[in-house]
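# A closer look at the structure
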Amino acid sequence: MSDGHRRAQTAIQTILRLTNLLMAGKRVAVIGDEPELAARLRAMGAQTLLADPAAALRGHRVLAEDEAVALADLVVGATEAHLPFLRDGAILIPAAPPAGPSGTGEPYGTDGEPPAGPSGTGGGPSGTGGVFAGLPGVRVRDGITGYRLGPGREVFVLDMSC
């Protein structure tokens, strides 16, 4: 099994375990190069929204990245640049952190510590690193943290390390 297939299967299992969502009918924006994940989500009945024009040949809906994020119920690979476009109630899976000194994918700071997260310590409860730095998050349940982005706009972030 390739790393791409393994990552996709792990991500889907974690999403389903944490949210208990049915993917059928959900609009899912997949940001970045995750063709296996997008294909598996589409096979589960989700409407996949991608920015890659070649994805149209594989049955995905192609939109500009900011448009896809604005329509999506679930955003995989979200970054700080996507925050202004998120709709109320969106569920986010943050982009993977850059590889740390050991190459393990663990985040790191200049002092070897993880970057401060929403709580100011080690990525916070959501493990989002700097994406929501400075915003107070409310733990909804294990692995899910809610953030209020403004009046009437709340998003939920999944901690994929659970």
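Right above here is the structure, for reference.
Heads up: these notes are all about the structure in this document. (Residues numbered from 1 in each chain as written. Predicted model: local features only at pLDDT ≥ 70, side-chain atom pairs only at ≥ 80, totals over all residues. Heavy atoms only, no water.)

## Observations regarding helix H2 (residues 35–43)
Within H2, the full set of buried residues consists of Leu 37, Ala 38 and Leu 41. Buried residues of H2, viewed axially, fall in a sector of 100°; they line one side. Looking at the packing, one finds that the buried side of H2 touches helix H1 (3–19), strand E1 (27–30), strand E2 (47–50) and strand E4 (74–78). After H2 finishes, the residue Gly 45 shows a positive phi value of roughly 100°. (Buried < 20%, exposed > 50% of the residue type's maximum accessible area, 1.4 Å probe, protein only. Helix = DSSP H or I, 4+ residues; strand = E, 2+ residues; numbered from the N terminus. Arc of directions from axis to C-beta. Contact = heavy atoms within 4.5 Å.)

## Observations regarding the packing of H1 against H2
Put simply, H1 and H2 touch, their axes get as near as 8 Å, and they point 45° apart. Taken together, the axes of H1 and H2 lie oblique to each other. Considering the relative orientation of H1 and H2, their crossing is right-handed. Taken together, the residues of H2 that come into contact with H1 (itself represented by Gly 4, His 5, Ala 8, Gln 9, Ala 11 and Ile 12) are Glu 36, Leu 37, Arg 40 and Leu 41. (Axes fitted to C-alpha atoms, helices over the stretch in contact; angles between N-to-C directions. Parallel < 35°, antiparallel > 145°, perpendicular 65-115°, else oblique. Left-handed = near helix turned anticlockwise from the far one by under 90°.)

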